[in-house]
Structure formats: C-alpha cells, structure tokens
Amino acid sequence: MTTVERLDPRDGEQFAAFHGAYLAAHDDEWDRPYSAQERRAELLDDSSYTVTHGVLARDVSGHVVGSGVVELPLKDNLTLAYIEVAVPPEHRRRGHGTAILRGLEEIAVDAGRTALFAEVRWPADADASARTAFAEARGFRRDLVDAHRVLDLPASLPEAPVRDGYSLRAWRGPCPPEWVDQYAGLLSLLVQEAPSGDYPLENEFFDAERVRRDEQLLVAQGRVMQVAVAVADDGRLAAHTQLVFSESDPDNVYQWDTLVLPEHRGHGLGLSLKILAMRESADLLEGRRYVHTFNAATNGPMIAVNDAMGFRLVGWLGEYVRELEA
C-alpha cells in the first residue's frame, strides 16, 4: 500500500526526501530536473498568481518511493491543474505513480479544477515511452507535441543583424520601468500566438506587478534571466526572447519564451533576438555545455530559426490532458 502525504517545504527533512525522489525519477539523459533551491523557492512562493503544492509517497515500510507537484493558476486557466508525477526507476510498476496521481487529483478537485495537464517525455527516435503509456493508461490524451532541441556549446553563431527599421535592446535582471507594461503584454500573448492543441488554454495573466513578482522568484531560485527585445519604429515592443541561467547548474541554459507579434513577423526578428541574447550573455555561457529549447513540433518558423543556430533534436515532450469527473 502507498501512502501520500502533503509536503511542507519548510520541513528540511521532508523536503530533502521529496527532492531526492524527484531527482532520482529524472533518469532520461535530457530530462534536466530543478535544483533543490529552484524547486523549494517555487513551493514557498506566496503569490496571488499561482500556488504550487507538493506531495510525498511512502511504501508500507515508510520508505520514500516518489513525489509529485501540482501547480494551480490563480488568475487564468482556472479549470486547470498542472501536475508532475515522479517515481524513481526502482519503484516503478508497483502502483506508486497511480497513488501520487490520485493525491494530486484530490488537491485539484478541492481547488475546483476540472482538468489535469501534464508534460510527458519520449525519445527522439521513438513514438512513445513508458511515461506516455502510464499517462494514456490513466485516461490522459496527447494534445500537443513539443520538440526538445539542444545547442552544443561553445557554438558558432550566424550573423543576424536587425533590419527593416527595428532596433534591439537587452537587459539582465529587472525589466526597465519604461518597458514593463509592454513587456507584460508580450508575456501574456504566448499561448494565443504560439501553436497550441485542442484544449482551450487561456492566455496567462501578466501585468507589471506579476513581472516584478516573477523577477523576485528568479532571484530566490538562484536564476539569472537575459532578455532581448525588438523595438518597432513607433517605439513599441514588437518581440522578445529569454535565456535563463541557473546558478546551481553549471552545464545547462534554457531558452524560455520567444515571441514575435504577428504584425512584425517576416523581418528575421526571432533569429536576431536569439543571437543578441546569446552574445549579451557571453559571460554566463562561458563553461556551459548546452542550451535547451522547446517549441511546438508544428512551429516551422521557430524550428527554422533553431536550425540556423545549430540546435539538434534530442527528444519529444507531449502536452497531455485529462478531464476530471464531476
């Protein structure tokens, strides 16, 4: 029998067991887990935009056999709960994952959610994996496929000068005050403007206050974000990209959002911005091994940008959804 308990991230012993199981479950070569600092800061974040809960699973002997996380948006997508189930390889196929999933579902239902959303990996040279089989056996359906690509460092980057009257700006750390409202607007449009599946995801709610809140969370997690933006000739932001560096991970860099507004596409801004972000963060890239990026497998323009930079495919990430019974 598996027992599932709620995590108190302030409890050092309990959190260490939780994170240990989480780390051990990430046994895929390219599935890079959050550090303890990153995960704990997220769980402790007292935000009005999202709340994150953790659970810990034990077997009949009291040994830790897995963990789970559920994130609940508080300003958008109020029907959804984003979940992750983590079971180390030696404890799989014993019902522990199902018990953790059930515990996360209970939290979601108590919060009034009607659907679970999970990301599930499989190898680049396959169509499925044990993880996808687990999800599908428990009623999840694949809604969208994302490609996971990596750029080996150091990289020889192409020239991509800005053109057609646009200019580029970059910052590291807090967004300059003069841009924060427009930057929040860009962040809120990613779901709407990027390829999506059949499930009707809403745009994330972003305002200047949330931008500042997320900047504080990055500091608490030991992360540094390099941002690059494109400015149109009318002085308004037309596009942005983000590179994220973890102080606790010396090898990996993560490409987060990249968005060019529809009316500004076709001017090479995506490539120009990504190249600028890399060059502006040359000091942070020093000694690192990989840049990771994820984008919808159907997003041809962004795939072309990544190919031009030298990214290579290493895996797939399925966005899986399951509606909950009333």
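Each remark here, short or long, concerns the structure printed above.
Calculation criteria
Within each chain, residues carry numbers counting from 1 in the order of the written sequence. Confidence filtering applies because this is a predicted model: local features only for residues at pLDDT of at least 70, side-chain atom pairs given and counted only at 80 or more, and all residues used for totals across whole chains, interfaces and linings. No hydrogens and no water enter the side-chain calculation; it runs on all heavy atoms of the structure. Cavities and pockets were defined on a 1 Å grid built over protein atoms only: a cavity is a set of grid points that admits a 1.4 Å probe from which the probe cannot escape, a pocket is an open set flanked by protein on both sides within 12 Å along at least five of seven lines, and lining residues are those with an atom within 4 Å of any such point. Grid points are joined across faces, edges and corners, and a volume is the space filled by probe spheres set on the points. Going along the chain from the N terminus, every DSSP run of H or I of four or more residues is numbered as a helix, and every run of E of two or more is numbered as a strand. Residues are grouped as follows: Ala, Val, Leu, Ile, Met, Phe, Trp, Tyr, Cys and Pro are nonpolar; Asp, Glu, Lys and Arg are charged; every other residue, Gly included, is polar. Any two residues having at least one pair of non-hydrogen atoms within 4.5 Å are treated as being in contact. For the purposes of these results, a polar contact is taken to be a pair of N or O atoms within 3.5 Å, where, inside protein, one atom must be able to donate a hydrogen and its partner to accept one; residues adjacent in sequence count only when each atom of the pair is a side-chain atom. What makes two strands pair is DSSP finding at least two bridges between them. In this description, a line fitted to the C-alpha atoms serves as the axis of each element, helices being fitted only across the stretch in contact, and the angle between N-to-C directions of two axes falls anywhere from 0 to 180 degrees. Here is the rule for angles: anything less than 35 degrees is roughly parallel, anything more than 145 is roughly antiparallel, 65 through 115 is roughly perpendicular, and the remaining ranges are oblique. Whenever Lys or Arg places a side-chain nitrogen within 4 Å of a carboxyl oxygen from Asp or Glu, that contact is recorded as a salt bridge. Partly exposed residues are those whose accessible area sits between 20% and 50% of the maximum for their type, while under 20% is buried and over 50% is exposed, using a 1.4 Å probe and protein chains only. A right-handed crossover is one whose linking path, passing over the helix from the first strand to the second, runs clockwise when the strands point away from the viewer.

## Describing the layout of surface pockets
Line of reasoning, step 1. The volume enclosed by the second largest pocket comes to roughly 180 Å³.
Line of reasoning, step 2. In this structure, the second largest pocket is lined by Leu-153, Pro-154, Ala-155, Leu-157, Met-278, Arg-279, Ala-282, Leu-285, Glu-286, Gly-287 and Arg-288.
Line of reasoning, step 3. Mapped by element, the contributors of at least two residues to the lining of the second largest pocket are α8 (269–280) and α9 (282–285).
Line of reasoning, step 4. Of the residues assigned to the lining of the second largest pocket, the class counts are seven nonpolar, one polar and three charged.

## Examining the environment of Asp-152
Line of reasoning, step 1. Looking at the secondary structure, you find Asp-152 in strand β6 (residues 141–152).
Line of reasoning, step 2. For Asp-152 and Asn-252, which are 100 residues apart along the polypeptide, the C-alpha to C-alpha distance reads 9.8 Å.
Line of reasoning, step 3. If we skip the residues at most four places from it in the chain, Asp-152 touches Arg-289, Tyr-290 and Arg-312.
Line of reasoning, step 4. Within the structure, the side chain of Asp-152 is placed 2.7 Å from the side chain of Arg-312, a separation counted as a polar contact.

## Looking at helix α4 (residues 130–137)
Line of reasoning, step 1. At the N-terminal boundary of α4, the capping side chain belongs to Ser-129, with an oxygen 3.2 Å from the backbone nitrogen of Arg-131.
Line of reasoning, step 2. Remark: Gly-139 follows α4 within two positions and exhibits a positive phi of approximately 90 degrees.

## Remarks on the sheet that holds strand β11 (residues 290–296)
Line of reasoning, step 1. Pairing within the open sheet is mixed, and its twelve strands lie in the order β1-β2-β3-β4-β5-β12-β6-β11-β10-β9-β8-β7. A strand with exactly one partner marks an edge of an open sheet, and here the two such strands are β1 (3–6) and β7 (167–172). Along the sheet, successive strands turn relative to each other by an average axial angle of 25 degrees, direction set aside.
Line of reasoning, step 2. As judged from the four bridges shared by strand β4 (residues 80–86) and strand β5 (residues 115–123), these two strands associate in the parallel manner. Residue Ile-83 lies in a different strand from β5, and its bridge partner there is Ala-118.
Line of reasoning, step 3. Relative to strand β9 (residues 237–246), helix α5 (residues 180–188) is tilted by about 80 degrees, and along the sheet it contacts β7, β8 (223–231), β9 and β10 (252–260).

## Notes on the packing of α5 against helix α7 (residues 208–221)
Line of reasoning, step 1. Their axes nearest at 8 Å, the elements α5 and α7 cross at an angle of 85 degrees. As the angle between them shows, α5 and α7 are arranged roughly perpendicular. Contacts from Val-180, Asp-181, Tyr-183, Ala-184 and Leu-187 in α5 reach Ala-208, Val-211 and Arg-212 in α7.
Line of reasoning, step 2. Partitioning the contact of α5 with α7 into residue classes produces six nonpolar, no polar and two charged.

## Observations concerning the side chain of Thr-132
Line of reasoning, step 1. Topologically, Thr-132 is positioned in helix α4.
Line of reasoning, step 2. Side-chain polar atoms of Thr-132 contact the backbone oxygen of Ser-129, separated by 2.8 Å.
Line of reasoning, step 3. Beyond its immediate stretch of four places on either side in the chain, Thr-132 contacts Val-120, Arg-121, Trp-122, Arg-142 and Tyr-320.

## A short note on the pattern of salt bridges
Line of reasoning, step 1. Counted under the stated rule, the structure contains 21 salt bridges.
Line of reasoning, step 2. Between Asp-27 and Arg-92 there is a salt bridge whose closest N-O contact spans 3.2 Å. In this pair, Asp-27 sits in the loop between α1 (12–25) and α2 (36–44) while Arg-92 sits in the loop between β4 and α3 (96–110), placing the two residues 65 residues apart along the sequence.
Line of reasoning, step 3. The exposure class assigned to Asp-27 is partly exposed, which follows from its relative accessible area of 42%.
Line of reasoning, step 4. By relative accessible area, Arg-92 is classed as partly exposed at 30%.
Line of reasoning, step 5. Across the pair Asp-45 and Arg-213 runs a salt bridge, and its minimum N-O distance is 3.1 Å. You can see Asp-45 sitting in the loop between α2 and β2 (50–58) and its partner Arg-213 sitting in helix α7, a full 168 residues away along the chain.

## As for the pairing of β5
Line of reasoning, step 1. With seven of nine residues buried, β5 is to be regarded as a mostly interior element.
Line of reasoning, step 2. Chirality of the crossover, the property in question, places the unit of β4, α3 and β5 among those that are right-handed.
Line of reasoning, step 3. Where β5 meets strand β12 (residues 312–323), nine bridges bridge the pair, whose relative direction is antiparallel. Residue pairing for β12: Phe-117 is matched across the bridge by Val-321.

## A short note on the environment of Gln-37
Line of reasoning, step 1. Along the chain, Gln-37 turns up in helix α2.
Line of reasoning, step 2. When its relative accessible area of 39% is taken as the criterion, Gln-37 is described as partly exposed.
Line of reasoning, step 3. With near-sequence residues (within four places) excluded, Gln-37 lies in contact with Val-219, Ala-220, Gln-221 and Gly-222.
Line of reasoning, step 4. Of note is the side chain of Gln-37, whose polar atom sits 3.1 Å from the backbone oxygen of Ala-220.

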